[in-house]
Amino acid sequence: MDEELFRIGVITEPHGVQGEVKVYPTTDDPARLKKIKEIILDDGKEKSLLHLKGVKFQNDRLILRFEEFQTRDDVERLRKKELFVTRKNAVPLKKDEYYISDLVGLRVVDEDDVEVGVIREVLQTAANDVYEIERTNGETLLLPAIKQCVLDVDVEGGRMKVHVMEGL
């Protein structure tokens, strides 16, 4: 499984006696899991393919059932294990949406094509994402991911053009 993986959740504990698990979702749209058939479990030593049999929602958690597990004992060892999907099985993006893994590492230039720095991290906030950019001088710039600041994103070209507002 050398494909690029996207984390969608972390198993918190077994649920019931029929091999279901409670999962803390790390995806921004947990409902999309209803459309996914295969999930990859990373147990810390190896990755294995699981076949999703059922998805239920309970407060801020998901309850997942896999074909590979039938009893509580089968899933007891899965606490704190991470669940992933491949890029191929990830939900398609809408216009002007990007996977975080595609943004990290992009070269950032201003509207005059002057080098600003490199995106080191994408911080997800309630209002909007914020790009943490390591400036060419070593300082950190926090740039909101809003249309007034982000002028163009060229993932394949490895570049983002931005407008750095005064005061940032």
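Residues numbered from 1 in each chain as written. Predicted model: local features only at pLDDT ≥ 70, side-chain atom pairs only at ≥ 80, totals over all residues. Heavy atoms only, no water.

A. Region of interest: the overall build of the chain. The helix and strand inventory of the chain stands at two helices and twelve strands. The secondary structure elements of the chain, listed N-terminal to C-terminal, are β-β-β-β-β-α-β-α-β-β-β-β-β-β. A compact globule built from 168 residues should have a C-alpha radius of gyration of about 15 Å, whereas the chain, at 19 Å, is more than 25% larger. Its C-alpha atoms give the chain principal-axis dimensions of roughly 60 × 35 × 30 Å. The buried share among the 168 residues of the chain stands at 35%. Considering only intrachain contacts with a sequence separation of at least 6, the fraction spanning at least 24 residues in the chain is 47%. (Helix = DSSP H or I, 4+ residues; strand = E, 2+ residues; numbered from the N terminus. Rg over C-alpha atoms; globule rule 2.2 N^0.38 Å. Buried < 20%, exposed > 50% of the residue type's maximum accessible area, 1.4 Å probe, protein only. Contact = heavy atoms within 4.5 Å.)

B. The arrangement of the environment of threonine 125 in detail. You can see threonine 125 is positioned in the loop between β8 (115-124) and β9 (129-135). Separated by 26 residues in the primary sequence, threonine 125 and leucine 151 have C-alpha atoms spaced 20 Å apart.

C. Here's a closer look at the nonpolar core. With 22 residues, the main nonpolar core has Ile39, Leu64, Phe66 and Leu83 as its most contacted residues. One finds Leu106, Val116, Tyr131 and Val162 within the second-largest nonpolar core, a separate group that totals 15 residues. (Core = buried A, V, L, I, M, F, W, Y, C linked by side-chain atoms within 4.5 Å.)

D. Examining the layout of surface pockets more closely. Space inside the largest pocket adds up to approximately 1200 Å³. Forming the walls of the largest pocket are 36 residues, and the residues nearest its centre are Asp28, Leu93, Tyr98, Tyr99 and Ile100. For the lining of the largest pocket, the secondary structure elements donating two or more residues are β1 (5-15), α2 (100-103), β9 and β11 (150-154). Looking at the lining of the largest pocket, its residues break down into 20 nonpolar, five polar and eleven charged. (1 Å grid on protein atoms, 1.4 Å probe; cavity = no way out; pocket = protein on both sides within 12 Å on 5 of 7 lines; lining within 4 Å. Points joined across faces, edges and corners; volume = space filled by probe spheres on them. Nonpolar A, V, L, I, M, F, W, Y, C, P; charged D, E, K, R; others polar.)

E. The sheet that holds strand β10 (residues 140-144), seen in detail. In spatial order, the strands read β10-β9-β8-β7-β12-β11; together these six strands make up an open sheet with mixed pairing. If you trace the sheet from one side to the other, it starts and ends with β10 and β11, each paired once. Neighbour to neighbour, the strand axes of the sheet diverge by 35 degrees on average, direction disregarded. For β9 and β10, the ladder comprises five bridges, and the chain directions are antiparallel. Paired with valine 130 across the strands is proline 144, a residue of β10. (Pairing = 2+ DSSP bridges. Axes fitted to C-alpha atoms, helices over the stretch in contact; angles between N-to-C directions.)

F. Structural detail: the pattern of salt bridges. A full pass over the atoms with the stated rule returns 14 salt bridges. A salt bridge links aspartate 113 to arginine 159; the shortest N-O distance between them is 3.2 Å. Here arginine 159 lies in strand β12 (residues 159-162) and aspartate 113 lies in the loop between β7 (107-110) and β8, a separation of 46 residues in the sequence. (Salt bridge = Lys/Arg side-chain N within 4 Å of Asp/Glu carboxyl O.)

G. Region of interest: the sheet that holds β1. The sheet built from six strands closes into a barrel, its strands ordered β1-β2-β5-β4-β3-β6 with antiparallel pairing. Ignoring which end each strand starts from, the neighbouring axes of this sheet average 50 degrees apart. Judged from the four bridges that link them, strand β2 (residues 20-25) and strand β5 (residues 61-66) form a sheet pairing that is antiparallel. Bridge pairing links glutamate 20 to arginine 65 in β5.

H. Main features of the environment of valine 150. Turning to its location among the elements, valine 150 is positioned in strand β11. Along the chain, valine 150 and histidine 163 lie 13 residues apart, while their C-alpha atoms are 6.4 Å from each other. With residues near it in sequence (within four places) discarded, valine 150 still touches Tyr131, Pro144, Ala145, Met160 and Lys161.

I. Expanded view of the environment of cysteine 149. Along the chain, cysteine 149 falls in the loop between β10 and β11. As a C-alpha pair, cysteine 149 and valine 162 span 13 residues in sequence and 5.3 Å in three-dimensional space.

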